[in-house]
Amino acid sequence: MEAPGACSASFFFIARYFNALKRYCFVLKNQAAEEAVQMVKYIAKRLVMMAAAMLAIIVLTFCLMHAVPGGPFTSDRRATPEVEAALNEKFGLNDSLPVQLLRYMEGLLHFDFGPSYKYRGQTVNDFIEQGFPVSGKVGLITVAFVLLAAIPMGIFAAVKNGKWQDMLIMAIATIGVTIPSFVIASLLIYIFAYQLNWLPTFWDWSAAGYILPVVALGGYSVSYMARLMRSSLLEVMGQDYIRTARAKGLSEFKVITRHALRNALLPIVTVLGPTVAGLLTGSFVVESIFGIPGLGKYFVNSVSQRDYTTIMGVTIFYAAFLMAMTLVVDVFYCLIDPRIKYED
């Protein structure tokens, strides 16, 4: 007589378990949908802010370029006044500034940055298409170098806090932060290319040609991120949950890798977006020193030759890329720290 009762009780508990599981899944589904909606609203809000910022950058850059005395053809000694007037008429430079600005913004809506005033038959889009892949390749290698060098340096310095290893790493990082990249590039060329003759002086497509530009380009970022990683990890290591993990008998390696490192990486992620954008678009000075045919080369040449459209186009492209990378970092914040939520 007890078997049917026991069987019915088992079915009752199973039914309750599945009902509770169903309600839990429903709650999780609603939470996921709510977080997705919040993320979409957040991205839409940021895109509107980015559009407003880009509009301000376009107007400001355009006005600054036209506030410079003279014109893009003034410095050309070969151009007679008649030729200069004909060129100004050809490119619409005789129109009023509002008309020129509206025409330029209309071209930007079609991703057209305009023609180059100094290179016949070339457009700013051509310069970006030719220079950005080169700068991007050097930048990606530099980003990998920065992350692989800075994070272990910061962790090791934090673990050896107060010891000679920590002092040595922080001394190197301080020197790297204070010395400009062009000084680092010059020293690297003098030591490794001129004195030791180990590496080429100028950049080429070989693996050895990437070493000096990558080190010079990433020297500041490695030093800054190593200092940031050390201070962040030291702060996290003083939290209560880290002491609890140690009290449970976990090894120091497991405490750092499983519990401390994830939260300590948040400041690194914060600066990673602008850093990656800067490295991928290239350093104007470093690319000029090593002769890298990247985006920085065209920008430097355009400044010296007063090629207004190229200056404006590269500036706008860099600003848009920087904003996009910052948005990507902000969106991925919640994947690193679930406590961070998107707010309406």
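Because the structure is predicted, anything quoted here is derived from the model rather than measured.

*Asks:* Looking at this structure, I do not really get the environment of A150. What am I missing?
*Replies:* Mapped onto the elements, A150 comes out in helix α4 (residues 124-159). For the pair A150 and M225, spaced 75 residues apart in sequence, the C-alpha separation works out to 5.6 Å. Setting aside residues up to four positions removed in sequence, A150 forms contacts with V222, M225, A226 and M229.

*Asks:* How should I be thinking about empty space enclosed by the protein in this particular structure?
*Replies:* To find leftover empty space, a probe the size of one water molecule is rolled over the atoms. What the rule picks out here adds up to two cavities of 30 Å³ or more. Estimated volume of the largest cavity: approximately 50 Å³. Taken together, 11 residues line the largest cavity, and the ones lying closest to its centre are V138, L217, S283, E287 and I292. For the lining of the largest cavity, the secondary structure elements donating two or more residues are α4, α7 (208-237) and α11 (284-290). Among the elements that make up the lining of the largest cavity, the one with the highest residue count is α4 (three residues). A per-class count over the lining of the largest cavity returns six nonpolar, four polar and one charged.

*Asks:* How should I be thinking about the nonpolar core in this particular structure?
*Replies:* The nonpolar side chains of soluble globular proteins are, as a tendency, buried together. With 46 residues, the main nonpolar core has I155, W203, A216, M229, L233 and F290 as its most contacted residues. For this core, the elements supplying multiple residues, two or more each, are α4, α6 (181-195), α7, α8 (240-247), α9 (252-264), α10 (266-281), α11 and α13 (308-331).

*Asks:* Looking at this structure, how should I read helix α5 (residues 164-178)?
*Replies:* An α-helical turn contains 3.6 residues, so a residue and the one three or four places further along point in the same direction. Counted at 1.5 Å a residue, the expected span for α5 with its 15 residues is 21 Å, and the 21 Å between its end C-alpha atoms agrees. Among the residues of α5, those classed as buried are Q165, D166, I169, M170, A173 and G176. In an axial view of α5, the angular spread of the buried residues amounts to 120°, which keeps them on one side of the axis. Facing away from the buried side of α5 by over 90 degrees, the exposed positions are W164, M167 and T178. For α5, the elements touching its buried residues are α4, α6 and α7.

*Asks:* What exactly am I supposed to notice about a nonpolar patch on the surface here?
*Replies:* There is a patch of nonpolar side chains on the surface, built from L187, Y190, I191, Y194, L196 and W198 and spanning about 690 Å² of accessible area. Inspection of the secondary structure assignment puts L196 in the loop between α6 and α7. On the accessibility criterion, L196 (37% relative accessible area) is partly exposed.

So, how was this worked out
Residues numbered from 1 in each chain as written. Predicted model: local features only at pLDDT ≥ 70, side-chain atom pairs only at ≥ 80, totals over all residues. Heavy atoms only, no water. Helix = DSSP H or I, 4+ residues; strand = E, 2+ residues; numbered from the N terminus. Contact = heavy atoms within 4.5 Å. 1 Å grid on protein atoms, 1.4 Å probe; cavity = no way out; pocket = protein on both sides within 12 Å on 5 of 7 lines; lining within 4 Å. Points joined across faces, edges and corners; volume = space filled by probe spheres on them. Nonpolar A, V, L, I, M, F, W, Y, C, P; charged D, E, K, R; others polar. Core = buried A, V, L, I, M, F, W, Y, C linked by side-chain atoms within 4.5 Å. Buried < 20%, exposed > 50% of the residue type's maximum accessible area, 1.4 Å probe, protein only. Expected span 1.5 Å × (residues − 1). Arc of directions from axis to C-beta. Patch = residues over 30% accessible without salt bridge, like charges linked within 9 Å, V, L, I, M, F, W, Y side chains within 5 Å. Areas by Shrake-Rupley, 256 points an atom, 1.4 Å probe, with all protein chains shown as cover. Salt bridge = Lys/Arg side-chain N within 4 Å of Asp/Glu carboxyl O.

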